[in-house]
Amino acid sequence: MDNKREQYVILNGQLILKKDANISVFSRSMFFDFAVYDSMKVVKGRAFFPRFHAERLLESARLINMRHNLTVEKIESAIDLLIEKNHLENAMIRFLLLGPENDQEEAKLYMFSVGLTFYNDSAYRQGVKAITFHGERHIPQAKSKDLLINYLGFREATENGALDALLIDHDGQIREGTRTNFFAVREGKIYTAPLTQVLEGITRKIVVDLARNNDIEVIEKAPLFDELDSFEEFFFTSTSMNVMPISDIDGTIKKHAPGPITKKIMDLYKEYYNENIFGKIETKED
Ligand SMILES: Cc1ncc(COP(=O)(O)O)c(C=O)c1O
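The rules we used
- Residues numbered from 1 in each chain as written.
- Predicted model: local features only at pLDDT ≥ 70, side-chain atom pairs only at ≥ 80, totals over all residues.
- Heavy atoms only, no water.
- 1 Å grid on protein atoms, 1.4 Å probe; cavity = no way out; pocket = protein on both sides within 12 Å on 5 of 7 lines; lining within 4 Å.
- Points joined across faces, edges and corners; volume = space filled by probe spheres on them.
- Nonpolar A, V, L, I, M, F, W, Y, C, P; charged D, E, K, R; others polar.
- Domains from an automatic or database assignment.
- Near = heavy atom within 4 Å.
- Polar contact = N/O pair within 3.5 Å; in protein donor to acceptor, adjacent residues only side chain to side chain.
- Areas by Shrake-Rupley, 256 points an atom, 1.4 Å probe, with all protein chains shown as cover.

### Some points on empty space enclosed by the protein
Item 1. Tallied over the entire structure, the rule returns two cavities of 30 Å³ or more.
Item 2. The volume enclosed by the largest cavity comes to roughly 40 Å³.
Item 3. The wall of the largest cavity is formed by G135, E136, R137, P140, L167, D169, R175 and E176.
Item 4. For the lining of the largest cavity, the class distribution of residues is two nonpolar, one polar and five charged.
Item 5. As for the second largest cavity, its lining consists of F48, F49, H53, I202, T203, T239 and Y269.
Item 6. When its residues are assigned to classes, the lining of the second largest cavity shows four nonpolar, three polar and no charged.
Item 7. Both domains that meet at the lining of the second largest cavity, namely domain 1 (3-114) and domain 2 (121-278), each give it at least three residues.

### Focus on the site of the ligand
Item 1. The full set close to the ligand counts 15 residues, and R56, K143, I202, T203 and T239 are the nearest of them.
Item 2. Interatomic distance of 2.4 Å between a side-chain N/O atom of K143 and an oxygen atom of the ligand.
Item 3. At 2.6 Å, a side-chain N or O of T239 approaches an oxygen atom of the ligand.
Item 4. For the ligand, whose free accessible area comes to 390 Å², the fraction covered by protein is 95%.
Item 5. For the shell around the ligand, a count of residues per class yields three nonpolar, seven polar and five charged.

Given below as structure tokens:
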């Protein structure tokens, strides 16, 4: 992505230059991580599910009891403005909402664009590697800026040639990846952690509805690390990956990927976004 496509940032609905989007080291909201964020993709100039992302940002703020004057409509207008002013074709838009510094101040919503990660076709055809990592997020339903576990897990994954780390919680359950929701399949049924334990990924939400509408049972129960080998298929979902099959966990659990249920979900999701985002336009993704 060239600089021109990142030159503007939106702060509470107003365009500012990237060079002016700075946060002081004295900021209490940064220091205490009193902040929430979201990430939304733009492909071929079209925003992927902007309303869901705007609603989720406000839900994350509610979960940490943050005062603000935002509305879904204001966020949606800011998305349109950023796409227009930064001439976005393929990009990730990040929303960073910093809590008010004191009783007189407003919360600050920064919106900016960064490059979009694309994954090779071979990843979707053959599956990818994941590793496991001990840790769990606090306030798991919120996309809060308290991201150290996510960072450490993801760094270890990258160092080991894996696409993400699966976080093992204090009960030995695998609830989620560091930036992904996690699904396992056994005897035709899909298992994934319940919404009391994880972020409601927008891809997760769509995938669960699609599965149920297509007579695939979804059981909201996080797989235990110790029973992973009893599952036949695994996959991640996320905004940047869509539905990504997993063929290898820790180099010890290896499965043919994508298995039949994963493939069906990949196809249903692709059909869903092609219809809902692009109308009849076809994309080359997964
Ligand atoms: C912890 C966590 N779980 C799941 C997801 C996937 O959510 P989505 O499908 O909305 O990208 C993310 C995305 O950033 C995440 O940070």
